[in-house]
Every structure is written in structure tokens, then in C-alpha cells.
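So you can see what is in the structure, the chains are spelled out below.
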Amino acid sequence: MSSFLVTKTKAKAQLVGIKAAMTLIPAPKPTMFAGEGASLKLCQAIGDFGHKHILIVSDKILNQLGVLSPLVEKLQASGVKATIFDGVLPDPTQSIAEACLQQYKVAGCDSVLAVGGGSSIDVAKVVALAATNNKTPQELVGILKGRKATAPLYAVPTTAGTGSEVTVGAVISDDKTHQKGLVLDPKLVPRMVALDSVIMSGMPPKVTAETGLDALTHAVEAFISDFAAEESDLYARAAIKLIFSNLRVAYKEPKNLQAREAMALASHYAGFALNMAGLGYVHAIAHQLGGHYGLPHGLSNAIVLPYVLNFSRPVIDERLAELARFCGLVTHETSTTIAAQAFMEELKQLMTELNIKSVVPKMTPQDFDDIMQAAFKEAHGTYAVPKYMSEDDCLQMLYMIAQAS
């Protein structure tokens, strides 16, 4: 038996266990506040739970812009003391999570509030889990490494893309190798979240575009996954339609609160979909490109997505055609092949209008084997991909991306 078939057989065997675990331990859905002022309503609710001292996990830019001040004031008015950790950086490392955990302990906090993009929410998740399990962030990398529930955890996402406020995973990078480590546990889902369109209206166009395409990738990968089911499809379809209808508007009109709220919901729904159906090769490869070359996660996904979809055709054409029909890109009578191509063309047009450049600076073939091996280690046995890649398939794809750059 070839090594490719052995890998595929082993991966599928592991996936049986993961699917069983997902069925036995379904991901919880947090209570959600949405719309203008949602973040303040969340802070009031936090006070109602009787917490005494909360750690706000965020970044320096949001803190300096004053985004955190109204939340601190509302928390204090609700009887909750707040300490701010604003040391989160993009692609946060284990040392950042460790520093945040130490501040939680030194300050004597009893709860955690994440305010920011996926990086801040991921750090907050890991810290909340580490705080109650007496483990380091590094020791939590893997599946179900925490036995106890997290410290009470809440989230205010400031971007519409990662869906991290509802997902069961958190990504923390190794400080030395920059390899991304996945902490996977249903306990990571926050109790409550606030989708505040006013806070999100401060996102610059570039961030709006990249995070929006991140949400699109979550929904599309969940929809074409072999783990896809009726409920995950429901959320994935809704997310994709909302993104195609609203991302351009949010990009061009940053203060359009209706479009912002629609994108926040799309990201939220996409998070539910990936919780149920998982991801695929897009994320597995994009994680490595981000780690090697410092690309924002949403941009990495946007670059890789068309290549993986093209590789997976025609196996996924029926699914892409279904999306094209649902989003009104074609009629219900349009053939599968034409409808699937219409979806691909819409994706291409969207990226063009969002000024997404499919460029990976300093990408070199010397890194390709490491990228491939790390991507396969993440994907095989974890993601229910619809079509398996051989090493040659992956290397050819990396060469194509490099040539386009």
C-alpha cells in the first residue's frame, strides 16, 4: 500500500473517534447580545453574576483608542473591578499567554473578558482554561487537555471574522519555532458574547476585508467537510450569503452599522458551522504560511482558499453549486458544473473588489517541505477533508502560490 493510502486510511480512522467525541460532547452556544450598545449590556450581565475582579484581555491599540474605557466604567458601576492586560499581539505566542496568566493570578481575578480580534479571544480562552486547571498554556495544546471548566469567560469581538467567540479552539504559537499550536476543547466557548456593531465600525477597510474572508473560509470549509450535517449546513449557508451580500458594503462604508451587524452575525454563524463540521486544508496550509512569513491569518486563508477549492473539484462541485444557488448567483435550474464555477467566479470577484493581493512575500521553496509536513500533521486525522492531498499535490500547490506572488 502506498504511503498516501496509508496516511488516508489512518486519518479516516482517527476521524471516526473525533466525530464520536463531537457527538458525545457537543459545543455549547453562548448567550449573545447583538447590535448597538451590546458590549455594555454584556458588562451589566457580568455584574449580575457576582464576579468581583475581571481580567480584560486586549491589545494596546484598542486600549489607546479608548475602546476599553466605557466597558471598564460599566463594569465598575456594576460592582466589578477590572484589570487590563493589553499585551496581546497578532499570532500570540505561549509567552504572551503565560504573561497574561500571571497577571490574572497576581491581580487575584476571578473571571476573564476578551475584547479584540481572534488573537485576544484566543489568549483569553487559554488563560481562562489554564487558570482553573493549574497548567501552562503549552500544556493545554492538544485535544481535551483541561479537566476542569474555564474560569468564567466572556467575549466582545471587535472584528467580524474569526468567530473565536463561539468556537471550541484557540491557536497559540510556539515562541521559537512559530508553529501554531491548537488548544481544542468545548469548555473554551465563552458564557456570553456581545456583537457590538458600533465597536466593529472602527475596523479599517483592510482588516474588514481580511477578517471577512476568514469568516467566509470557515463557512466554506465547514460546508464541504465530510463532517457536514444539516445543522452545520444551515449556519454555513447563512454565513456565506450574508458575507457575499454585506462584506463589500462594510469594506466601502465602514460606518454602515447594518452591514457591520450582518457581518458580525455571519462570523458568528460560521463559528457555529466549524464547531460542528471542522475545517480543512485551507486552514492547515494558511496556518503555516502565517507562521513562516508573518501574514495575517485572514489574508493567508484568502490566498489559499481558491487553490484548495480548485484542487477539491469536481468532488465538491455539488456543494459549491448548492451555495451558488442559495446565494442567488445562478438559478435553481443551472447545471452543477456551471453553478460551481459561478461560485468560484464570485469568490474571485469579491477578492478583487476587496483589493486582496494573493502575494506571500519572501516565499521560498526551501520552506515547502516543512510547510507541507506541518500542514499534513494538522489536517490529517483532525479535519474531514473531502479530497486527500498527496505530498506532490501539496508541493505543487505551494509552487503555484509562490509563482503568483
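Positions within a chain are numbered from 1, following the residues in the order the chain's sequence is written. Only residues with pLDDT of at least 70 get local features here, since the model is predicted, and only at 80 or more are side-chain atom pairs given and counted; chain-wide, interface and lining totals rely on the full set of residues. As a convention, hydrogens and water are excluded, and side-chain values are obtained from all of the structure's heavy atoms.

Asks: Would you explain the nonpolar core in this entry?
Replies: Throughout, nonpolar core names a set of buried Ala, Val, Leu, Ile, Met, Phe, Trp, Tyr and Cys residues whose side chains join them through atoms within 4.5 Å. Whether a residue is buried, partly exposed or exposed follows from its accessible area with a 1.4 Å probe, protein chains only, as a fraction of its type maximum: under 20%, in between, or over 50%, in that order. Ranked by size, the top nonpolar core spans 86 residues in total, and within it Leu213, Leu216, Ile240, Ile285, Leu309, Phe343 and Met389 carry the most contacts. Starting at the N terminus, helices and strands are each numbered in turn, a helix being any DSSP run of H or I of at least four residues and a strand any DSSP run of E of at least two. Broken down by element, the residue count for this core peaks at ten residues, all from helix 10 (residues 257-277). Contact criterion: two residues are considered in contact whenever any of their non-hydrogen atoms come within 4.5 Å of each other. What Phe343 contacts, discounting residues up to four positions off in sequence, is Val220, Ile240, Phe244, Leu309, Leu320, Leu323, Ala324 and Leu329. Within the second largest apolar cluster, 29 residues are counted, among which are Cys100, Val127, Ile172 and Val183.

Asks: Got a minute to help me understand the pairing of strand 8 (residues 180-184) in this structure?
Replies: Consecutive side chains of a regular strand alternate in pointing toward one face of the sheet and then the other. Where strand 5 (residues 142-143) lies against strand 8, two bridges are found, and the strand directions are parallel. Residue pairing across strands places Ile143 opposite Leu184, the latter belonging to strand 8. At least two bridges found by DSSP between two strands is the condition for calling them paired. Here five bridges tie strand 7 (residues 169-173) to strand 8, and the two strands are oriented antiparallel to one another. Within strand 8, the position partnered with Ile172 by the bridge is Gly181. Hairpin connection of strand 7 to strand 8: six residues between the antiparallel strands, including His178 at a positive phi of 65°.

Asks: What is the right way to read the sheet that holds strand 7 from this model?
Replies: Paired through their backbone hydrogen bonds, the strands of a sheet run either parallel or antiparallel. With mixed pairing, the three strands of this open sheet are ordered in space as 5-8-7. Edge positions in the sheet fall to strand 5 and strand 7, since each of these pairs with one other strand and no more. Axes here mean lines fitted to C-alpha atoms, for a helix over just the part in contact, with angles spanning 0 to 180 degrees between N-to-C directions. The strands touched by helix 6 (residues 118-133) within the sheet are strand 7 and strand 8, with strand 7 carrying the most contacts at an inclination of about 100°.

Asks: Sorry, what's going on with the sheet that holds strand 3 (residues 81-85) here?
Replies: Pairing in this open sheet of six strands is parallel, and the strands run 1-9-6-4-2-3 from one edge to the other. Looking at which strands have only one partner, the edges of the open sheet turn out to be strand 1 (31-34) and strand 3. Strand-to-strand twist across the sheet, computed as the mean angle between neighbouring axes with direction ignored, equals 20°. Summarising the sheet, strand 6 (residues 153-157) and strand 9 (residues 192-195) pair through two bridges and their orientation is parallel. Bridge pairing in strand 9 links Ala155 to Val193. The sheet contacts of helix 2 (residues 38-48) involve strand 1, strand 2 (53-57), strand 4 (111-116), strand 6 and strand 9, and relative to strand 9 the element is tilted by about 160°. Relative to the sheet, helix 6 contacts strand 2, strand 4 and strand 6, its axis offset from that of strand 4 by approximately 170°.

Asks: How should unusual backbone geometry be read in this particular structure?
Replies: Most peptide bonds take the trans configuration, and most residues that are not glycine carry a negative phi. With omega at 5°, the peptide bond leading from Arg313 into Pro314 counts as cis. Structurally, Pro314 can be placed in the loop between helix 12 (297-312) and helix 13 (317-326). The phi dihedral of Asp91 is positive, around 50°, even though this residue is not glycine. Structurally, Asp91 is set in the loop between strand 3 and helix 5 (94-107). With a phi close to 60°, Asn355 is a non-glycine residue in the positive phi region. Relative to the helices and strands, Asn355 is located in the loop between helix 14 (336-353) and helix 15 (368-379).

Asks: I would appreciate a short explanation of the pattern of salt bridges in the present structure.
Replies: Any two side chains of opposite charge can pair if their charged atoms end up close together. Just to be clear on terms, a salt bridge is a Lys or Arg side-chain nitrogen sitting within 4 Å of an Asp or Glu carboxyl oxygen. Applying the stated criterion across every chain yields a total of eleven salt bridges. Where Glu231 meets Lys29, a salt bridge forms, and the shortest distance between an N and an O atom there is 3.3 Å. Here Glu231 is found in helix 9 (residues 230-252), whereas its partner Lys29 is found in the loop between helix 1 (3-24) and strand 1, with 202 residues between them in sequence. When its relative accessible area of 39% is taken as the criterion, Glu231 is described as partly exposed. Here Lys29 falls in the partly exposed class, since its relative accessible area comes to 42%. With a closest N to O distance of 3.0 Å, Glu353 and Arg248 form a salt bridge.

Asks: How should the environment of Thr331 be read in this particular structure?
Replies: Tracing the backbone through its elements, the reader meets Thr331 in the loop between helix 13 and helix 14. Side-chain atoms alone can form a polar contact between residues adjacent in sequence; in general such a contact is a pair of N or O atoms within 3.5 Å, and within protein one must be able to donate a hydrogen while the other accepts it. A polar side-chain atom of Thr331 sits 3.1 Å from a polar atom in the side chain of Thr334.

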